[in-house]
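Chains, contacts and geometry: an overview
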Amino acid sequence: MNYFDYIADPHRQCAIVAHRGIWSSAPENSLLSIRRAIEAGYNVVEIDVRRTADGQFVLLHDDTLERTAGVNNQPERMTLAELTSLPLRDRDGGPLNAFTDETLPSLRDVFELTRDRIFIHLDIKHRHVIPEVLAFARQMGVEKQVDFWADLKSEDDLAWIRANITSHDVPFIARTHLEHEDWRKQVKLALELKPLICEASFRDLSQVEAIQDRFHEAGITLWVNTLDSVASPGFTDSAALEDPDAIWGRLLKAGFSAIQTDEMAALRSYLKTLHPRAAIKARSGI
Amino acid sequence: MNAIDPAIHIAAANIKLQNVSKTYGKLNIIPSLDVEFRAGEFTVVLGPSGCGKSTLMQMIAGLERVSGGKIVIGDREVQDLEPKERGCAMVFQNYALYPHMTVFDNIAYSLKIAGLTKAERQARVEVVAKMLGLTDYLARKPGQLSGGQRQRVAIGRAIVREPAVLLFDEPLSNLDAQLRHDTRVELAELHKRIGATTVFVTHDQVEAMTLADRILILNKGEVEQYATPKEIYHQPASVFVARFIGSPPMNILSVSGDGTALRLADGQAVVDSHLIGDFHLGVRPEDIVVRNSGSQPGLRTQVRYREDLGSHSIIAADLAGETLRIATPFGADAPDFNVLSFSFPLDRLRLFDTKTGKAIPGALKEKT
């Protein structure tokens, strides 16, 4: 399995990216939630990664373990052994969700589970940890089954990404904010770097329509996030559940061909209603 | 049920779906489904991509919420219960075994989580391993197994918990043709031995015909037909079913009734009938009777080509502007195949309404 080949395949349908695994009936960022995403056949699973006190890696979104494991401490201050023995609360945690039999997973166990089965979108919470995770992924032989992800807002960012990520020939996703004042500069940087994928957020969808041809020519795949909390204005999972055509349909037409969502089943059902060629044509701007 | 009893005991439960629906806003995946999967039966849910079959499965397992309606397993309403509380075990196409665990640990994992003692786990896993021919592989890791063996581990992991309901979501799709066949036979035997209510989702009609006690055919989230394989094959309830089952599928011809006979577009009478109006007429390729002599009365057609398949031959012919496929014994002595004379046996014909596509049973029984 090779992330580059998958993304570049002109015949593939829109990629479904499962945010933190399937956590509607399993703890987020757990082996079970990832296993369910594999079993459901989604293309990519997003996970959050942090470095432990002893230089290992675990899955956790927040700065502390409070919400998901009920422990008021930071993962960076604990060892791998301590962290992986902590039981996780169900779903998105908090006092209302009971503890489960799932424990906080190590990145090693996740790579073992996902190897050759599903691609991983790595949300590494601190940029300086990326080179270490990259080396670890390479050591485990999965460096072309995962992506690395970072903001690309300045010349410094560009230099850092080149030195630490793209020069290692691993999949990279540039985070581009079209809603920022300096969005023209960010577009210019993305076109200069030509990453495999660009995750774009926007103020107005017409901004994406305006750049999609240039990105397509540069071989950059457009990726969008419709998670309620971080989506571009109006383009949320909740809105998509009400009217998938108006949200996901318009995003596909604007040139996106990877969608990160908490509503994977709905997205897949929607994609099945489209003519098999529709999504592909929409993507190539024909 | 005694957990250390060395046999696998399954109390099969029926599954009732009552007005079950699944919608995402304006997107209607399953409008309203009423169906019962009988206790201990092997039901295959069959349909094309996007028909809602996987969604239906996920709703039974509890991995997807229903938008409306009830799911009753045995005597329990389960639509609001967590997956682990429903007594279902599921086997997927993408069986995600834990690669760092041995086969034994993969199968025993759920028992460990359920709090069974080591001795209990050992006993149960041994029984399941024996049943699935995995006894010699228990110490290995999934990476050291073949695709078929891995799939058997995934099945072992599902049945070791003695679920009342076993759900399979296209479990054979990733296997090659020979392995698919072998695993299919194993699954049929396994079902006979453990007797769990089994629901098996596939788009493969061969799997459906060979495995099912009963087949549920879904189209756009609605039931096209729910019947035994024999009924589905010989008495398809609609043109959709007729075209979905059989290889090649049932021939569907456009005919018009003039009160004396049903006629093709070129005027040839197919069968005597008092019916008036337009219909679709279905006939299975193997039910068409080819005549050796062109002198007998009957339908005539221009042959396009013939495929010899070893067990039988398929003749494709032009009939009143439509393609007719006829199955004959391999190497059957037939005239030079330029012009073919044949007839349709009345008791093998199926008539369908052109507007609704639904079968009109009994319409051809009475001759005028």
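Values in this document were obtained by computation on a predicted structure and should not be read as measured data. (Residues numbered from 1 in each chain as written. Chains lettered and ligands numbered in written order. Predicted model: local features only at pLDDT ≥ 70, side-chain atom pairs only at ≥ 80, totals over all residues. Heavy atoms only, no water.)

**Details of the overall build of chain A**
Let me state the cut-off plainly: Strands here mean DSSP runs of E at least two residues long; helices mean DSSP runs of H or I at least four residues long; both are numbered from the N terminus. Only C-alpha atoms enter the radius of gyration; for comparison, a globular chain is expected to reach 2.2 Å times N to the power 0.38, where N is the number of residues. By definition, residues are in contact when any of their heavy atoms lie within 4.5 Å. Each accessible area is a Shrake-Rupley result for a 1.4 Å probe, and residues are judged covered by the shown protein chains and nothing else. This count recognises Lys and Arg as positive and Asp and Glu as negative, with His and chain-terminal groups excluded. Charge coordinates come from a single atom per side chain, which is NZ of Lys, CZ of Arg, CG of Asp or CD of Glu.
The number of helices and strands found in chain A is 13 helices and 11 strands. The C-alpha radius of gyration of chain A comes to 18 Å, within 12% of the 19 Å expected for a compact globule of 286 residues. In terms of its C-alpha atoms, chain A occupies a principal-axis envelope of roughly 55 × 40 × 35 Å. When contacts within chain A are restricted to residue pairs at least 6 apart in sequence, those whose partners lie at least 24 apart make up 66%. Roughly 11,300 Å² of accessible area belongs to chain A as shown, and the carbon and sulfur atoms make up 49% of that amount. Averaging the coordinates of the 33 positive side-chain charges in chain A and doing the same for the 44 negative ones gives two points 4 Å apart.

**Considering the packing of helix α2 (residues 103–113) of chain B against helix α3 (residues 118–132) of chain B**
Residue and element names in this part refer to chain B. As a reminder, the rule being used: Note on method: axes are straight lines fitted to C-alpha atoms, helices fitted across the in-contact stretch only, with angles between N-to-C directions ranging 0 to 180 degrees. Any angle that is under 35 degrees is reported as roughly parallel, and any over 145 degrees as roughly antiparallel; angles of 65 to 115 degrees are reported as roughly perpendicular and all others as oblique. Handedness of a helix crossing follows the sense of rotation of the near helix relative to the far helix, less than a right angle counterclockwise being left-handed and clockwise being right-handed. Under the convention adopted here, Pro, Cys and the residues Ala, Val, Leu, Ile, Met, Phe, Trp and Tyr are nonpolar, Asp, Glu, Lys and Arg are charged, and Gly plus all remaining residues are polar.
For the pair α2 and α3, the least separation of the axes is 10 Å and the interaxial angle reads 130 degrees. If you check the angle between α2 and α3, you find them oblique. Crossing hand, α2 versus α3: right-handed. For the pair α2 and α3, the contacting residues are Phe104, Ile107, Ala108, Leu111 and Lys112 in the first and Arg121, Gln122, Arg124, Val125 and Val128 in the second. Here the residues of the contact of α2 with α3 are counted per class, giving 6 nonpolar, 1 polar and 3 charged.

**Let's talk about the sheet that holds strand β17 (residues 312–319) of chain B**
All names here are of chain B. Where we set the bar: Pairing between strands is defined by DSSP: at least two bridges between them are needed.
Read from one edge to the other, the open sheet built from 5 strands follows the order β15-β19-β16-β17-β18, with strand pairing classed as antiparallel. Here the strands that pair on one side only, and so sit at the sheet edges, are β15 (289–291) and β18 (322–329). Between one strand and the next, the sheet's axes are offset by a mean angle of 45 degrees, whatever the strand orientation. Note that strand β16 (residues 299–308) and strand β19 (residues 339–343) share 4 bridges and pair antiparallel. Along β19, the bridge assignment pairs leucine 299 with phenylalanine 342.

**Remarks on the packing of aromatic side chains**
Note the following rule: Note on ring pairs: Phe, Tyr and Trp rings are taken, using the six-membered ring of Trp, and paired if centres are within 6.5 Å. Classes follow the plane angle, with under 30 degrees stacked, over 60 edge-to-face and the rest tilted. Exposed residues in this analysis have more than 50% of their type's maximum accessible area, buried residues have under 20%, and partly exposed residues fall in between, with area computed by a 1.4 Å probe over protein chains only. Either the NZ atom of lysine or the CZ atom of arginine qualifies as a charge over a ring when it sits within 6 Å of the ring centre and within 35 degrees of the ring normal.
This model, assessed by the stated rule, comprises 12 aromatic pairs over all chains. Each ring, one from phenylalanine 57 of chain A and one from phenylalanine 136 of chain A, has its centre 5.6 Å from the other, and the planes form 50 degrees; the classification is tilted. Here the residue phenylalanine 57 of chain A occupies a position in strand β3 (residues 57–59), and phenylalanine 136 of chain A occupies one in helix α6 (residues 130–139), the gap between them amounting to 79 residues. Both residues of the pair, phenylalanine 57 of chain A and phenylalanine 136 of chain A, belong to the buried class. When the ring centre of tyrosine 6 of chain A is taken as origin, the NZ or CZ atom of arginine 12 of chain A, which lies over that ring, is 5.3 Å away. Above the ring of tyrosine 233 of chain B, the side-chain terminus of arginine 284 of chain B is found at 3.9 Å from the ring centroid.

**What about the state of the cysteines?**
To keep it simple, the criterion reads: For this text, the term disulfide refers to a pair of cysteine sulfurs within 2.5 Å.
Using the criterion set out here, one finds 0 disulfides over all chains in the structure. Just so you know, cysteine 198 of chain A is unpaired, no disulfide at all, and the nearest cysteine sulfur is the one on cysteine 14 of chain A, 15 Å from it. Just so you know, cysteine 88 of chain B is unpaired, no disulfide at all, and the nearest cysteine sulfur is the one on cysteine 51 of chain B, 19 Å from it.

**Section: the nonpolar core**
Put simply, the rule reads: In this text, buried Ala, Val, Leu, Ile, Met, Phe, Trp, Tyr and Cys residues form a nonpolar core when linked through side-chain atoms within 4.5 Å.
Among the nonpolar cores identified, the biggest contains 112 residues, and Leu107, Leu122 and Phe148 of chain A together with Leu17, Phe37 and Leu56 of chain B are the most heavily contacted of them. With near-sequence residues (within four places) excluded, leucine 17 of chain B lies in contact with Leu33, Asp34, Val35, Phe37, Leu56, Ile60, Lys70 and Ile71 of chain B. By size, the runner-up hydrophobic cluster in this structure holds 48 residues, among which are Leu111, Leu134, Leu145 and Leu175 of chain B.

**Describing the pattern of salt bridges**
Note the following rule: Think of a salt bridge as a Lys or Arg side-chain nitrogen and an Asp or Glu carboxyl oxygen that are within 4 Å of each other.
A full pass over the atoms with the stated rule returns 34 salt bridges over all chains. One salt bridge in this structure joins arginine 157 of chain B and glutamate 39 of chain A, with 3.6 Å as the shortest N-O distance. In this pair, arginine 157 of chain B sits in helix α4 (residues 147–159) while glutamate 39 of chain A sits in helix α2 (residues 31–40), so the two residues belong to two different chains. Using a relative accessible area of 11% as the deciding quantity, one classes arginine 157 of chain B as buried. When the shortest N-O distance is used, the salt bridge between glutamate 132 of chain A and arginine 51 of chain A registers 2.6 Å. In this pair, glutamate 132 of chain A sits in helix α6 while arginine 51 of chain A sits in strand β2 (residues 44–51), placing the two residues 81 residues apart along the sequence. Relative accessible area serves as the criterion here: at 29%, arginine 51 of chain A is assigned to the partly exposed category.

**Side note on the interface of chain B and chain A**
The following threshold applies: Once two parts are brought into contact, the accessible area they lose, counted with a 1.4 Å probe and summed over both, makes up the buried area. Pairs of N or O atoms within 3.5 Å make up the polar contacts considered here, provided that, within protein, one atom can donate a hydrogen while the other can accept it, and that residues adjacent in sequence are counted only when both atoms are side-chain atoms.
On the chain A side, the residues contacting the 24 residues of chain B number 28 residues. Summing both sides of the interface, chain B and chain A together bury roughly 2,200 Å²; the carbon and sulfur share of this comes to 56%. Ranking the residues of chain B by area buried against chain A places Tyr24, Leu27 and Tyr98 of chain B at the top, with a combined share of 23%. Our count for the contact surface shared by chain B and chain A stands at 3 salt bridges. Along the contact surface separating chain B from chain A lie 6 residue pairs in polar contact (both at pLDDT 80 or more). For the side of chain B that touches chain A, the secondary structure elements donating two or more residues are β2 (27–37) and α2 of chain B. Residue classes in the side of chain B that touches chain A are distributed as 13 nonpolar, 7 polar and 4 charged.

**With respect to the packing of α2 of chain A against helix α5 (residues 107–114) of chain A**
Residues and elements named next belong to chain A. Packing of α2 against α5 leaves a shortest axis separation of 11 Å and a crossing angle of 15 degrees. By the angle class used here, α2 and α5 are roughly parallel. Once α2 is placed against α5, the crossing between them reads as right-handed. Contacts between α2 and α5 pair Leu31, Ile34, Arg35 and Ile38 from the former with Asp109, Val110, Leu113 and Thr114 from the latter. Residue composition of the contact of α2 with α5, by class: 5 nonpolar, 1 polar and 2 charged.

**Considering the sheet that holds strand β3 (residues 42–46) of chain B**
All names here are of chain B. Read from one edge to the other, the open sheet built from 6 strands follows the order β6-β7-β8-β3-β9-β10, with strand pairing classed as mixed. One side of each edge strand has no neighbouring strand; the edge strands of this open sheet are β6 (88–92) and β10 (222–227). Shown here is a sheet whose adjacent strand axes are inclined to one another by a mean of 15 degrees, direction ignored. Two elements, strand β7 (residues 165–169) and strand β8 (residues 197–202), share 5 bridges in a ladder whose sense is parallel. Note on β8: the bridge partner recorded for valine 165 is threonine 197.

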